[in-house]
Amino acid sequence: MNKSLLIASSLAALAPTLLAQDSTPKHASLAIQNQQYQQAIKLLDGYISGAKKLNDPAFTLDQLHFMKANAYLHLKDYKNAKTSAEALLGKFKNSKWQHKAIFLIAKTHVHQRQYKEALAIYEKESKRLFATDRKKEVAAELMKFADLMATPPKDPLSLEKPQYSKAFQLYKEVLDIECGTALHEQAQLNMIEMQRKIGNHNQVESLTLTYLSEFDPHWRGVIGSVQRVTFKKNLQAKVSGNH
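Residues numbered from 1 in each chain as written. Predicted model: local features only at pLDDT ≥ 70, side-chain atom pairs only at ≥ 80, totals over all residues. Heavy atoms only, no water.

Visitor: Honestly, the packing of aromatic side chains in this entry has me stumped. Any pointers?
Guide: Within a pair of aromatic rings, the relevant descriptors are the distance that separates the centres and the angle that separates the planes. Within this structure, the stated rule accounts for five aromatic pairs. Ring geometry for Tyr211 versus Phe215: centroids 5.2 Å apart, planes at 35 degrees, classification tilted. Placement of both Tyr211 and Phe215 in helix α11 (residues 201-215) is noted, with a separation of four residues, approximately one turn of the helix. The same class applies to Tyr211 and to Phe215, which are both buried. Within the aromatic cluster, the residues linked to one another by ring pairs are Phe103, Tyr115, Tyr122 and Phe145. (Phe/Tyr/Trp six-rings, centres within 6.5 Å; stacked < 30°, edge-to-face > 60°. Helix = DSSP H or I, 4+ residues; strand = E, 2+ residues; numbered from the N terminus. Buried < 20%, exposed > 50% of the residue type's maximum accessible area, 1.4 Å probe, protein only.)

Visitor: It is not clear to me how the packing of helix α3 (residues 37-48) against helix α4 (residues 61-74) should be interpreted in this structure. Could you clarify?
Guide: Any two packed helices are characterised by the angle at which their axes cross and by the distance between the axes. As a packed pair, α3 and α4 sit with axes 9 Å apart at the nearest point and diverge in direction by 155 degrees. It follows that α3 is roughly antiparallel to α4 by the angle criterion. Read as a crossing pair, α3 and α4 show a hand that is left-handed. Facing α3, whose interface residues are Tyr37, Ile41, Leu44, Asp45, Tyr47 and Ile48, α4 presents Leu61, Leu64, His65, Met67, Lys68, Ala71, Tyr72 and His74. (Axes fitted to C-alpha atoms, helices over the stretch in contact; angles between N-to-C directions. Parallel < 35°, antiparallel > 145°, perpendicular 65-115°, else oblique. Left-handed = near helix turned anticlockwise from the far one by under 90°. Contact = heavy atoms within 4.5 Å.)

Visitor: Teacher, can you tell me more about the pattern of salt bridges here?
Guide: For side chains of opposite charge, pairing can occur when their charged atoms come near one another. What the rule picks out here adds up to four salt bridges. In this structure, Glu193 engages Arg196 in a salt bridge whose closest nitrogen and oxygen atoms are separated by 2.6 Å. With Glu193 and Arg196 both in helix α10 (residues 181-198) and three residues apart, this pair spans about one turn of that helix. Owing to a relative accessible area of 28%, Glu193 belongs among the partly exposed residues under this scheme. On the basis of relative accessibility, which here comes to 46%, the residue Arg196 falls in the partly exposed class. (Salt bridge = Lys/Arg side-chain N within 4 Å of Asp/Glu carboxyl O.)

Take a look at the structure:
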């Protein structure tokens, strides 16, 4: 048996025993790992409500709030996931889990395809944060949101359709964030693909030329251009690209 599968099955078998004992936050974490989200929430509520005293130095009360919100998110109970994350933000003003809680709230909107609400959070975070790594995190979340908007629903009977125009705008938002060349390049490629799916061929051509000029060092310009005739290299290209 695959080693990871063996570990997972062992944990799953062990979890009910642990949950039946005088459980700790570690047991709640274990329950989440084994997708036993309701049991995890029940354990976490004991500490959050004050019924049980938190004595484990590996966990903090604000962290338990986030774990609870995350468990609700996995259950697709977006209302309670948002409420739990907001409780963290309200009670722990200086928590290191604040950033993750804000992103979790955004995810509740993403999964419900609430475009404006999610975008407002991502835009606010991208302006508020100064660290490059954090900006990359915001940009990566925007990319995931856009990917979701562009993905057809799994249910073939669903009346929902991919929202390519909104996905395009989300990818475009990434270009305004200082998140590094790789994410910018991928965002531009995805923008081209969205316009192709929309059927806007003029935009596809325009965006493709912009992409080649920015990312392909071998691009020598359109036929008839000075760059093409003189065989001048594209010295402005940032990376080799996926061209």
